[in-house]
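So the chains spell out like this:
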Amino acid sequence: MDAMNRRTGRSESAADPAREARDTDVIVVGAGPTGLLLAGDLAEAGLGVTLLERRPAEISNLTRALVVHARTLEQLDARGLADELVAGGHPLTGLRLFGRATIDPTRLRTRFPFVLVTPQFEVERLLERRARRAGVTFRHDSEVLGLDQDADGVTVRFRTAEGLGAVRAAHVVGTDGVRSTIREAIGLPFPGKSVIRSLVLADVRLAQEPDSPLMVNANGEAFALIASFGGGLYRVIGWNRHHQADDDTPADLDEIRELTRLALGSDYGIHDARWVSRFHSDERQVPTYRVGRVFLAGDAAHVHSPAGGMGMNTGLQDAANLSWKLAAVLQGHAPDSLLDSYQTERHPVGKQVLRSSGALVRLALLPTAPGDAVRALGAQLINRLRPLSRRAIRTISGIGIAYPAGPGAHPLAGRRAPDIRLAGGGRLYELLRQGRFVLITPAGEPGVPQAPAGGDSPRPADGRVVTASWRSPRRTALLVRPDGYIAWATDATAPAERAAALRGALAHWTGAEDGAPIATALTPPAHAADTPAGR
């Protein structure tokens, strides 16, 4: 091997013996969208990644997700994938709920002011291609049996057609869905309940093309959604109050036609079903997303009703949050405590998604007499009260997600960074494709300030920060995390004060050089420039 370890930047002579005993750095279990994005991120960061999937390579995952929201598209843009996905989908600039309320994504300040209708398998196709190019090791036909973890790593046991096997890594991430084997292996409960039963799902062809690639309505008697897959195929999801059955009761086209007529006023000439199934929808969330060296993400950590189409989107954003933190810790740039912030930041988001989707589905299922009045009132409030409408679309789209920044932090810290236009014609999310922190300073200012002569201020770890300048005359300095959230900001204008604050933030967030201390707190200590008095 090279004299320097390419993954950590540290010499082989200083390598941890426990690390040498591992087969890979991270094991990801489950090759759905969440697992594929996470594995691709880690591999692009230079880490060894093994992805275990029980399905054969030629069998696609069940496509239940149908929409990609704006914040997820921004995350995909930061990986160079969004434009290709958008080109093959159907962007919607309006979303009607219950036939009355209009959610308007064009009000969002984003490069993607729409809801993209596209099947989950298209998202998976792009993410799998990226992961393979990055060097992820795929092991299909691998059924995970359990795991054992200790202070030095985790060993995952699995079964293939050839027999039993095992692989060892520093960390494991379970992205293996609602029936997660990893969740069971680490002994976590999955508290919650079934919120709606006897949902029917089918892939069909239509004799009559709907007015929109996404049609959805509920009236208390029934709920139905029809979404275009492209190529003349449509996904139908529906529920009929008068036809409730167990999951193993067969469903047929007559039932699908009836519920779409009840909810949408037409069955659009449904015919030629590729398949039809019945299922129920739960609201569940694990109490913690981390147990030792094992993490959960996506449906393995939280599951909720399909209302709002936030399931796959939330899982992809889990992965974007966790991946850069795992890379920073495994490469020696951050303490292990950084990984605790995954729980701190993402668990409340999962809880909020459960509440939001739960409120939508409960409103949809209210019986006709009282339900129509409540739905009409809700529609009027959303349509007439702009702040309420703006909050609704920011919540559903994920654009409104922000993370706690700690006392004394700048008001921008923890918030999503918009796609800032940069001097020279570039965009922030183009720079984020490098997987690094991005430091944005006013035009004409130096990027990374040098420590005073003879001072003991640490410098950021080499290669972890890319610098840019505002195209506008704004004077705020920003440090943006690899997942597109603002880690630190200051409005200070005094050069010495500004430089000192920035050196501290860089050292905290991007890691100090060898021999210099690395802070262990999630939020960097407040500087005078970060307080109201300092501004």
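Before reading on, note that the structure itself is shown above.
Cut-offs used in this document
- Residues numbered from 1 in each chain as written.
- Predicted model: local features only at pLDDT ≥ 70, side-chain atom pairs only at ≥ 80, totals over all residues.
- Heavy atoms only, no water.
- Pairing = 2+ DSSP bridges.
- Helix = DSSP H or I, 4+ residues; strand = E, 2+ residues; numbered from the N terminus.
- Axes fitted to C-alpha atoms, helices over the stretch in contact; angles between N-to-C directions.
- Parallel < 35°, antiparallel > 145°, perpendicular 65-115°, else oblique.
- Left-handed = near helix turned anticlockwise from the far one by under 90°.
- Contact = heavy atoms within 4.5 Å.
- Nonpolar A, V, L, I, M, F, W, Y, C, P; charged D, E, K, R; others polar.
- Expected span 1.5 Å × (residues − 1).
- Buried < 20%, exposed > 50% of the residue type's maximum accessible area, 1.4 Å probe, protein only.
- Arc of directions from axis to C-beta.
- Phe/Tyr/Trp six-rings, centres within 6.5 Å; stacked < 30°, edge-to-face > 60°.
- Lys NZ or Arg CZ within 6 Å of the ring centre and 35° of its normal.
- Salt bridge = Lys/Arg side-chain N within 4 Å of Asp/Glu carboxyl O.

## Regarding the sheet that holds strand β11 (residues 163-169)
- Strands sit in the order β9-β10-β11 across an open sheet of 3 strands; the sheet is antiparallel. Because the sheet does not close on itself, it has two edges, and the strands there are β9 (143-149) and β11. The average angle at which neighbouring strand axes cross in this sheet is 20 degrees, direction not considered.
- As paired strands, strand β10 (residues 154-160) and β11 are joined by 7 bridges and run antiparallel to one another. Each residue of the ladder has a partner; that of V156, found in β11, is V167.

## Observations concerning the packing of helix α2 (residues 33-44) against helix α8 (residues 311-330)
- Taken N-terminus to C-terminus, the directions of α2 and α8 make an angle of 25 degrees; their axes are 8 Å apart at the nearest point. Relative to α8, the element α2 is oriented roughly parallel. Relative to α8, α2 is oriented so that their crossing is right-handed. Note on element contacts: α8 touches α2 through M312, G315, L316, A319, A320, L322, S323, L326 and A327, opposite P33, T34, L37, L38, D41 and L42.
- Grouping the constituent residues of the contact of α2 with α8 by class yields 11 nonpolar, 3 polar and 1 charged.

## Quick look at helix α5 (residues 120-134)
- Look at α5: 21 Å from first C-alpha to last across 15 residues, which is about the 21 Å you get at 1.5 Å a residue.
- Every buried residue belonging to α5 is among Q120, V123, E124, L126, L127, R130 and A131, and all of these are buried. Along the long axis of α5, the arc covered by the buried residues comes to 165 degrees, so they all point the same way.
- Residues of α5 that are buried in the fold lie against α2, β3 (67-68), α3 (70-77), α4 (82-87), β8 (137-139) and α8.
- Downstream of α5 by a residue or two, G135 has a phi angle that is positive, lying close to 105 degrees.

## Some remarks on the sheet that holds strand β16 (residues 233-240)
- Pairing within the open sheet is antiparallel, and its 6 strands lie in the order β14-β15-β16-β13-β17-β20. At either end of the open sheet lies a strand with only one pairing partner, and these are β14 (214-218) and β20 (302-303).
- Strand direction decides the pairing type here: strand β13 (residues 192-206) and β16, joined by 6 bridges, are antiparallel. Pairing of A202 across the sheet is with V236, part of β16.
- Helix α7 (residues 253-264) contacts β13, β14, β15 (222-230), β16 and β17 (270-285) of the sheet and is inclined by roughly 110 degrees relative to β15.

## Quick notes on the packing of aromatic side chains
- Counted by the stated rule, this structure contains 6 aromatic pairs.
- Both rings, one in F112 and one in F114, keep their centres 6.2 Å apart while their planes meet at 90 degrees; by these two values the pair is edge-to-face. Across the pair, F114 and F112 agree in class, each one buried.
- Between Y289 and Y342, the ring centres sit 5.6 Å apart and the planes meet at 50 degrees, which makes this aromatic pair tilted. Of the two residues, Y289 sits in the loop between β17 and β18 (290-291) while Y342 sits in helix α9 (residues 340-365), which places them 53 residues apart along the sequence. Each member of the pair, Y289 together with Y342, is buried.
- Across the ring face of F138, the terminal group of R132 is positioned such that the distance to the ring centre comes to 4.0 Å.

## Concerning the packing of α3 against α8
- One can describe the packing of α3 onto α8 by two numbers: an axis separation of 9 Å at closest approach and a directional angle of 40 degrees. Judged by the inter-axis angle, α3 sits oblique to α8. For the pair α3 and α8, the sense of crossing is left-handed. From α3, R71, T72 and Q75 reach across to α8, where they touch N313, L316, Q317 and A320.
- Residues that form the contact of α3 with α8 fall into these classes: 2 nonpolar, 4 polar and 1 charged.

## A closer look at the pattern of salt bridges
- Tallying each qualifying case throughout the model produces 33 salt bridges.
- For R130, the salt bridge goes to D41, with nearest N and O atoms at 2.5 Å. One end of the pair, R130, is in helix α5; the other, D41, is in helix α2, and 89 residues separate them in sequence. The two residues R130 and D41 agree in class, both being buried.
- With a shortest N-O distance of 3.7 Å, R427 and E430 are connected by a salt bridge.
- By relative accessible area, E430 is classed as partly exposed at 34%.
- The structure contains a network of salt bridges with shared partners spanning D77, D83, R111, D419, R427, E430 and R433.

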